[in-house]
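Now for the letters of each chain:
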Amino acid sequence: MTIQQQIAIAYRVDDSGGSLVRRLLGAREFGVLAATAVIFLVCAVGADGFLAADNLLSVAQQIAILGIVATGMTFLIVVGEIDLSVGSLHGFLAVELAWLVTKVGVPVGVAAPLAILTGVMIGVINGLITTRFKIPSFVVTLAALAALRGAALLLSDGVPIRGSRNEAFTHLFAGSPLPNVAAQTLWMAAVVAIGAFVMARTKFGYDVYSVGGNPSAAAGAGIASDRVKVMCFALTGGLTGLASIILVGWLGSANPLTGNGFELSVIAAVVVGGAGLAGGTGSVLGTFLGAVITGVITNALVLFGVDGNWQQVATGLLILGAVMLNHLVAKRSAHGLNA
Amino acid sequence: MPLFEAVGVRKRFGGVEALRGVDFSVEPGEVVGLMGDNGAGKSTLMKVICGAYRPDEGEIRMAGRPQVFRSPRDAAACGIAVVYQNLGLVDQRSVAANVFLGQEPRRFGLVDTRRMRAEAREVLTTLRIRIPSVRMPVAGLSGGQRQCIAIARAVHQGGELVLLDEPTAALGPEQQQNVLSLIRDLRKQGKAVVVVSHNVDHVLEVADRVVVMRGGLVSGMRDVAATTAAEVVGLIVGNAPAAAHDGAPHTSGELA
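Bear in mind that the values here come from a model prediction, so they are computed numbers and not experimental data.

Chemist: Can you break down helix α5 (residues 143-156) of chain B residue by residue, with the values?
Modeler: All names here are of chain B. Compared with the 20 Å implied by 1.5 Å per residue over 14 residues, the 20 Å span of α5 between its first and last C-alpha is a close match. Within α5, 11 of the 14 residues are buried, which leaves it mostly tucked inside the rest of the structure. Its buried side turned inward, α5 meets β6 (80-83), α3 (95-99), α4 (113-126), β9 (161-165) and α6 (173-188). Backbone geometry just downstream of α5 places glycine 158 in the positive-phi region, at approximately 95°.

In C-alpha cells:
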C-alpha cells in the first residue's frame, strides 16, 4: 500500500476542482457573471429593442475602448498599483497621433505605432517613478493625469485636430470586417482574449498575482517585483495607445478633451469585475464582464429614456454594489476553490 | 562529515559585535534546536546561514566545501532553504501555486498547471501534509497547514538544510503537533533541520541536539537525550556569571 493510498483512507483528496457547476459557483467571477445575467434579463424584458442584434452590436462597439484599457488596468490593479492617468493619456495619444499625421505629415502607418510606443514609454516612466522612489502610484499618476491633459491641450492649441483620411487605416481600426461587427469590437475581443490568457497561464501572469498578493513573499521567492510592476504600467500605456488609435480611426479627429473622467469608468469596470484594490485578486474575464455591465446599463438608460445625468448616478451605485458583492464573494471563496 | 558548518563566524554592526566567533554545524538528517534570548545572536546567525548577511570573519562550508553566499539565492542554490515566521505565502493563490511560488514549471512557455498540481500533491503526500485540495487558496487554511505548506515549498525547491524560524509560535496545540511531526518526517527523509524557537518543550520534543546562544557566542550544546528543560533554560538565561554578557539591542531585529 502506498503512502498516497494510506492517506486517502484517512481523508478525502480531490485536486480535480470538482464538477463544472461547482467550479462555476466557486469562481471569483461568479458574482459579476450573475450580475451581468440579471441586468441583461431586466433590460431584455424592460427595454424595447435592447435584444435587437443592432443594439447589442453597438453596445459591444461602445465598450471596445473601455474594454481594451481596462484589460491593462486589470494587470495594474492586480499587481497592487493603479493608473489614474489613462483618461488624460488616452486624450494625449489621440492628439499626438492626429497632430503627427495632420500637422507634421507623418504617414499614419508610422504615427500609429509611435502612439503605442509613447504610451508604453509614459507607462514605463510612471512605473519607474513609482518603484524607484517608492511613491504611491495614485500620486504619481495623478500628477501624470494633470500633466498629460495639459500636454494634449498645448499640442492641439485647445481645438480638435483632424485625423488620418487613409482608408486602410480607418478600415483596420473602425471598419466592419464582418457584417455588423465593428473592427473595434474585434480589437477588444483580441485584447481581452490575449490578456486573459497571459494573466492566467503565463509565468508573467503568475508573477503579477504573487507580487500583488504578497510583495515580500514574491521578493523572497526571487520574483523581480519592480520589473513586473513596470511592465504592467507599460502594458496599460501601450493598450491606451491602441485605444487612442481606434478612437482617431473611428471619429476621424482627436479632441484634446478626450477621455476626461475615463479613468473612473476604467477602474469601475475592473472593480465591478471582481478585482480588489489591495492587489492580488481580479481577472481579465471579470473586467470584461464589468465593462459589459457598464455598457449595458448606459445603453438601457438611453432606451428607457432616462435623463443622461442619471447615468452617472447609476455608475456610482454600480461600483458601490459591486464592491459590496465582491466582499461577500471573497469571504466565501476563501473557504472554497478557485481563488 | 557535517552537511553544514560555520567556523569562527564574526559579524559586526557598527560598534557592536553580534556574532563573536560562532562555531555551528549540522549533520545530515539531524534536527538542531537553536535557542537563546532575544539579542543573543541567533537571528544574525540564521541570516548568515541563509546568505542574507555576509560574515566579517569565519568560514561557511556546505558538505565540507567552503562557500561564499552573496545573497539568499546563492544559499538556496546550495540547498539551504529558510521558512520565515511570516511564511511568505500569497493568501489569494492556491496551495499548488504557493508550493511553486516563483519557480512555476513551464511547458511551451506556459505554466504547466497540471504538473504543478500533481507535484504539489506529491510533496504534500510525502510530507504527510493533509490538504483536501491543492486548488484551495491558502487564505482558507489553518495556521498549522500554512506553516506546513511553507515548509513543503522549502523542501520542494531543493532544500537539504531547512531553517525554520519559530515554526510553532502562534499555533494551537494540535497544529503545533502537526508541525513537529512534519519536522520528524523531514529528518526521516534525510533533511537537516535547524529550528529557531523560544519554546524549550517543542525543541526538546523534536530536536536531536540543542545549541544555545548568548551574547553572540555559542554558550552551550547539549544532546537532547542527555539534558532537561531546566538545564537548557539555565543556559539561555545564563546562570554562569562569566557568560552574562548582555546581548546588545542591535540584534533585537529578529527575523520578522
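Chemist: Go over the nonpolar core, please, and point to the residues and values.
Modeler: Residues and elements named next belong to chain A. With 84 residues, the main nonpolar core has Met73, Leu97, Phe169, Val208 and Val266 as its most contacted residues. If you tally residues by element for this core, the top one is helix α5 (residues 64-78), at 11 residues. Beyond its immediate sequence surroundings of up to four residues, methionine 73 is in contact with Ile82, Asp83, Val86, Thr236, Val266, Ile267 and Val270.

Chemist: Account for the sheet that holds β6 of chain B, with residues named and values stated.
Modeler: Residues and elements named next belong to chain B. With respect to topology, 6 strands assemble into an open sheet ordered β6-β9-β10-β3-β11-β12, the strand pairing being mixed. Looking at strand neighbours, the two that pair on one side only are β6 and β12 (217-223), the edges of this open sheet. Across the sheet, the axes of successive neighbouring strands diverge by a mean angle of 20°, strand direction being ignored. Sheet topology places β9 next to strand β10 (residues 192-196); 5 bridges connect them, and they run parallel. Counterpart to valine 162 in the pairing with β10 is valine 193. Contacting β6 and β9, α5 crosses the sheet at an angle of about 165° to β6.

Chemist: Break down the packing of aromatic side chains for me, citing the residues and quoting the values.
Modeler: Both the distance between ring centres and the angle between the ring planes are used here to describe each pair of aromatic rings. Tallied over the full model, the rule gives 5 aromatic pairs over all chains. Between phenylalanine 173 of chain A and tryptophan 187 of chain A, the ring centres sit 5.0 Å apart and the planes meet at 15°, which makes this aromatic pair stacked. Pair noted here: phenylalanine 173 of chain A is in helix α9 (residues 167-174) and tryptophan 187 of chain A is in helix α10 (residues 183-201), with a separation of 14 residues, a long-range link. The buried category is assigned to phenylalanine 173 of chain A, whose relative accessible area is 8%. Both rings, one in phenylalanine 13 of chain B and one in tyrosine 53 of chain B, keep their centres 5.3 Å apart while their planes meet at 65°; by these two values the pair is edge-to-face.

Chemist: Residues and numbers for unusual backbone geometry, please.
Modeler: One non-glycine residue with positive phi stands out, namely lysine 134 of chain A, at about 50°. For lysine 134 of chain A, the location among the structural elements is in the loop between α7 (108-132) and α8 (137-156). Look at alanine 63 of chain B: it is not a glycine, yet its phi comes out positive at around 50°. Summarising the element assignment, alanine 63 of chain B is placed in the loop between β4 (57-62) and β5 (65-67).

Chemist: How would you explain the sheet that holds strand β2 (residues 16-26) of chain B if you had to name every residue and give the values?
Modeler: Residues and elements named next belong to chain B. With antiparallel pairing, 4 strands are arranged side by side in an open sheet as β2-β1-β4-β5. Bordering the open sheet on either side are β2 and β5, each of which pairs with just one other strand. Geometrically, the sheet is characterised by an average inter-axis angle of 30° between neighbouring strands, direction not taken into account. Note: strand β1 (residues 4-13) against β2, 8 bridges, orientation antiparallel. Looking across to β2, one finds that phenylalanine 13 is bridged to valine 16. Sheet strands in contact with helix α1 (residues 42-49) are β1, β2 and β4, and its direction is about 60° off that of β2.

Definitions and limits used
- Residues numbered from 1 in each chain as written.
- Chains lettered and ligands numbered in written order.
- Predicted model: local features only at pLDDT ≥ 70, side-chain atom pairs only at ≥ 80, totals over all residues.
- Heavy atoms only, no water.
- Helix = DSSP H or I, 4+ residues; strand = E, 2+ residues; numbered from the N terminus.
- Expected span 1.5 Å × (residues − 1).
- Buried < 20%, exposed > 50% of the residue type's maximum accessible area, 1.4 Å probe, protein only.
- Contact = heavy atoms within 4.5 Å.
- Core = buried A, V, L, I, M, F, W, Y, C linked by side-chain atoms within 4.5 Å.
- Pairing = 2+ DSSP bridges.
- Axes fitted to C-alpha atoms, helices over the stretch in contact; angles between N-to-C directions.
- Phe/Tyr/Trp six-rings, centres within 6.5 Å; stacked < 30°, edge-to-face > 60°.

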